[in-house]
Amino acid sequence: MLLLERHHQLSRLEAALQQTVTGRGAVVLIGGEAGIGKTTLIERFAAAHTGEVRVLWGACDALFTPRPFGPFHDIAGQGLAALDELLRDSNRSTSFARVLATLSDQPTVIAVEDVHWADEASLDLLMYLGRRVARASLLMIVTYRTDELHPHHPLRNVLGVLASSATTQRLELAPLSVAAVQTLGADLGVSAITLHTATGGNPFFVTEALANTGAGVPTTIRDVVLARASRLSSSGLAVLEAAAILGPRIEPALLAAMAAAEAPYIDECLELGLLQAQAGALTFRHELARQAVLDSLSPHRRLVLHRLALTTLSAPPQAALDAARLAHHAAAADDHEAILIYAPAAGHAAARAGSQREASALFALALRHAQDLPADERARLYEAHADACNHIDDRVGSLDSRRSALAIWRALSQPLRVGECLAHCAIQLNGLGRSADAERDCQNAIDLLSLHPPGRELALAYRVQAGLKMLTQEHRSAIRLGEKAIALAEAAQAPAIVFAAHNTIGSAWLTLDYERGRQYLEGNLRATHAAGFETLAALAYTNLSSASSELFRFAEAERYFREGSGYAAERGLERFRLYMLAWHAHTLLHTGRWSECERAARDVIDQPNVSATSRITALAALGHLRARRGAGEVAESLDEALALSRDLRSLHRLGLVRVARAEAAWLAGDIERTRAEAAALIASALEAQHPWFAGELLYWLYQCGEAVDVPAWVARPHALHLSGDWRGAAEEWRRLGCPYARARALADGDFEAQTVALEVFEQLGAVPAAERLRARIRDSGGTVPRGPRASTRSNAFGLTTRQVEILGLIAQGLTNTEIAGRLHLSAKTVDHHVSAVLGKMNVSSRAEAADLARRAGILPD
């Protein structure tokens, strides 16, 4: 078959392979709509290198819940049996490294197809490999459907991580042109324009239509596939339908067993090109073809076939196949008993593999059919579901399932299980911003468990209580309770609780003595990781990165965020990654990287079911940034953050929110509201002796004309500023890498300092602060310095001269087509420029871009 209009992509793959054989691997991401030719491109590339390098294939399945490591098990079946054993090892630190070594022990190409359907564990492994191929003889080709990626698709994060590497290339496949369609149909007398219009230039649709020219030009892919299938005998069609039910890759023996007396008609499907042999399996020519056959089945026929598939798969020797596949057919067959056998087994397997989203879905499936299970089994199913939900940051789902398990254990008079459930409920309640409820459940757990011989459950309850005390800045109490939890856990031989309690103690020390806490936590991180408790290692990274940001130790915060977010992402630990990202937004805010700050905060806020603690932290960063920019929706962000934090006793969250609200009120010219916001939390900040929150709140009270006493422990730049030493404060802020805070200190200085401050504010795009400073200079009788040139002002957003020109035309209300005509550019070029302008300015509309440009001085009012 001709491969048209793919020369450029083939050249890119060739270059990546030449690099790989020298030991410098690469990742190639190939995106495009279904049927665009991703597989055909790779097949042509691989065929050109048969015998030169090892080529391995894996595919992701569109099952109810994908099988853990599905594409890598496919690869293992191609002569790498040792890979199966590695994938069963739950210690990812060693198993993933050994997978990389196995796949790159010789120059190798692996093609992983349809990763938009990938399970979480496969995505984690892809991310791990992709971040390390630069030093391996491995070319990793990954395909996905661009039209399948909704805004919250888990693949988006993986693509973002991989695309940030210099070893990664992205290829987007476009539809065929009319000329290419003309070439393909040259000998068939088909109108190229008519066919191109009908198919949109989709290569699969075009080739299928050309293979069925006698039926005229079809209107859908389904029409063309079913037209070819209509040539089959009734027995052949029955085999094809059974194959479609079994999935994208069909084992010949399994299809033969399912087809029974009609098995000989498998050959008919192969002869007509509806099925094809590939690497020891049978496949449809394209997943679109399989889906077309599935869609043609009546509900009853589909149910019958799924039941037949389930019966065949569960019979020896097929019963050894993975439980996820059996659960898929059990659910589609509505087989109550089979669901209760296979869904929990598949859920536990997915959880062990790190595919927590899939585990959550499988346990939820089982629970929908669990009403007749013995009560204790139902309770354990609820607990398993709660654990999986916790890992993916679905706090509501986790709490609901814990509450359901709690009710069952109470009815069964199982006090130890009741106490354990209460402790876990406290964790989720705190994550939902319900501190008082969390403290109540935790204390109830301790009271109940103290009536029984001490064990693992009581150790857990004290560990949770230590964490709650740490969050309310009661650090000495947190350390004492953590040590009590460790003693109980060691006696009960519960190492996970021991490591978790050490995390809490180290986090408490971070505020009391940063270096001591940092060394303590780093030591526990290493020990936790070595022992295989990767979730707790991610928690240690989370505490190190967030506390470092909170304490303005930004160099350390950046390092821990970089290491920790990668560690969490590779293991599918979204709860920790999102919380670290939310705090990283504050690091970016204070260090003047405002465009990155907005992206980070939005990435967290836009996640469905994100925990309240992460959402509050991100909302505070976004609202604070918008206030400093003078952008819209300041109140929306900060009001929601305050509403979510009202039931929290955590200074970590309340401090961020109140500080942001105080500054927003000040920049809006509302002194009374500034005073009220600062006064609302200053007593708590002083009682906790938090050097940064107390210092910032005292600063705003001072700006409101209040007389303030400055304790000796207040952060040095605040203490200097409040004592009247604006030069010393500005120098401290410069040393910390905080340009906005430095400019704020300089603004209280002499005219020369104010001139520097004004320049910094303008470069940052801090419109309200710059306007207030100009007014102060005028009120004092000074001459306001001329604003920077438009080219300098635009540098705050990184706009090019051409982009500033286009921004001006946007502000005049011109459409992209009108701009293209005015500047003699193509419409596509203008589209790219406009997208770049909106992205650099971090706005979502043309009107918002024009408004921000005027306020920032890039465009005249």
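Refer to the structure printed above.
In this text, all values refer to a predicted model and were calculated from it rather than measured experimentally.

What about the overall build of the chain?
In step 1: Helix and strand content of the chain: 46 helices and eight strands.
In step 2: Against the compact-globule benchmark of 29 Å for 861 residues, the chain has a radius of gyration of 31 Å, which places it among compact chains.
In step 3: Dimensions of the chain along its principal axes, counting C-alpha atoms only, are 95 × 80 × 50 Å.
In step 4: Taking all 861 residues of the chain together, the buried fraction comes to 57%.
In step 5: For the chain, restricting intrachain contacts to residue pairs at least 6 apart in sequence, the fraction spanning at least 24 positions comes to 64%.

What about the pattern of salt bridges?
In step 1: Enumeration according to the criterion identifies 55 salt bridges in this entry.
In step 2: Glu-208 serves as the salt-bridge partner of Arg-228, at 3.6 Å between the closest nitrogen and oxygen. Within this pair, whereas Arg-228 is found in helix 11 (residues 221-229), its partner Glu-208 is found in helix 10 (residues 203-210), the two being separated by 20 residues in sequence. Pair check on accessibility: Arg-228 and Glu-208 agree, each one buried.
In step 3: Put simply, Glu-515, Arg-518, Glu-522, Arg-553, Glu-556, Arg-559 and Glu-563 are held in one network by salt bridges that share partners.

Let's talk about helix 27 (residues 514-530)
In step 1: Look at helix 27: 24 Å from first C-alpha to last across 17 residues, which is about the 24 Å you get at 1.5 Å a residue.
In step 2: Within helix 27, the full set of buried residues consists of Tyr-514, Gly-517, Arg-518, Leu-521, Glu-522, Asn-524, Leu-525 and Thr-528.
In step 3: Buried residues in helix 27 make contact with helix 26 (495-512), helix 28 (534-550) and helix 29 (554-570).
In step 4: Gly-532 sits one or two residues past helix 27 and shows a positive phi near 90°.

Considering the packing of aromatic side chains
In step 1: By the definition in use, this model includes 12 aromatic pairs.
In step 2: Ring geometry for Phe-499 versus Phe-533: centroids 5.6 Å apart, planes at 50°, classification tilted. Note that Phe-499 is positioned in helix 26 and Phe-533 in the loop between helix 27 and helix 28, a separation of 34 residues in sequence.
In step 3: Look at Trp-692 and Trp-733: their rings are 6.1 Å apart centre to centre, the planes differ by 55°, and that puts the pair in the tilted class. Separated by 41 residues along the polypeptide, Trp-692 in helix 36 (residues 691-703) and Trp-733 in helix 38 (residues 726-736) bring together distant segments of the chain. For the pair formed by Trp-692 and Trp-733, the shared burial category is buried.
In step 4: Among the aromatic residues, ring-to-ring pairing joins Phe-552, Phe-554, Trp-692 and Trp-733 into one connected group.
In step 5: Directly above the aromatic system of Tyr-567 lies the positively charged group of Arg-571, at a separation of 3.6 Å from the ring centroid.
In step 6: Between Arg-744 and the ring centre of Tyr-699, over which it is positioned, the NZ or CZ distance is 4.3 Å.

Quick look at the layout of surface pockets
Gaps between atoms show up when a probe of the same size as a water molecule is rolled over them.
In step 1: Approximately 1300 Å³ is the volume attributed to the second largest pocket.
In step 2: Lining the second largest pocket are 47 residues, with Asn-157, Val-161, Arg-577, Leu-581 and Asp-603 sitting closest to its centre.
In step 3: Residues of the lining of the second largest pocket, tallied by class, amount to 18 nonpolar, 13 polar and 16 charged.

Examining empty space enclosed by the protein
In step 1: Throughout the structure, instances matching the rule amount to five cavities of 30 Å³ or more.
In step 2: By volume, the largest cavity is sized at about 200 Å³.
In step 3: Every residue lining the largest cavity is counted, 18 residues in all, and those nearest its centre are Phe-552, His-590, His-624, Val-659 and Glu-696.
In step 4: Of all the secondary structure elements, the ones that give two or more residues to the lining of the largest cavity are helix 28, helix 30 (574-590), helix 32 (612-629), helix 34 (651-667), helix 36 and helix 39 (739-746).
In step 5: Looking at the lining of the largest cavity residue by residue, the classes come out as eight nonpolar, five polar and five charged.

Focus on the pairing of strand 4 (residues 138-145)
In step 1: Counting buried residues in strand 4 gives eight out of eight residues, a clear majority hidden from the surface.
In step 2: Going residue by residue along strand 4, you find Leu-138, Met-140, Val-142 and Tyr-144 tucked away on one face and Leu-139, Ile-141, Thr-143 and Arg-145 tucked away on the opposite face as well.
In step 3: Summarising the sheet, strand 1 (residues 26-32) and strand 4 pair through seven bridges and their orientation is parallel. Within the sheet, the bridge partner assigned to Gly-32 lies in strand 4 and is Arg-145.
In step 4: Remark: the strand 3 (residues 108-113)/helix 6 (residues 120-130)/strand 4 crossover connection has right-handed handedness.

What counts, and at which threshold
Residues numbered from 1 in each chain as written. Predicted model: local features only at pLDDT ≥ 70, side-chain atom pairs only at ≥ 80, totals over all residues. Heavy atoms only, no water. Helix = DSSP H or I, 4+ residues; strand = E, 2+ residues; numbered from the N terminus. Rg over C-alpha atoms; globule rule 2.2 N^0.38 Å. Buried < 20%, exposed > 50% of the residue type's maximum accessible area, 1.4 Å probe, protein only. Contact = heavy atoms within 4.5 Å. Salt bridge = Lys/Arg side-chain N within 4 Å of Asp/Glu carboxyl O. Expected span 1.5 Å × (residues − 1). Phe/Tyr/Trp six-rings, centres within 6.5 Å; stacked < 30°, edge-to-face > 60°. Lys NZ or Arg CZ within 6 Å of the ring centre and 35° of its normal. 1 Å grid on protein atoms, 1.4 Å probe; cavity = no way out; pocket = protein on both sides within 12 Å on 5 of 7 lines; lining within 4 Å. Points joined across faces, edges and corners; volume = space filled by probe spheres on them. Nonpolar A, V, L, I, M, F, W, Y, C, P; charged D, E, K, R; others polar. Pairing = 2+ DSSP bridges. Right-handed = clockwise from strand over helix to strand, strands pointing away.

By themselves, these figures tell us nothing about what the structure is for.
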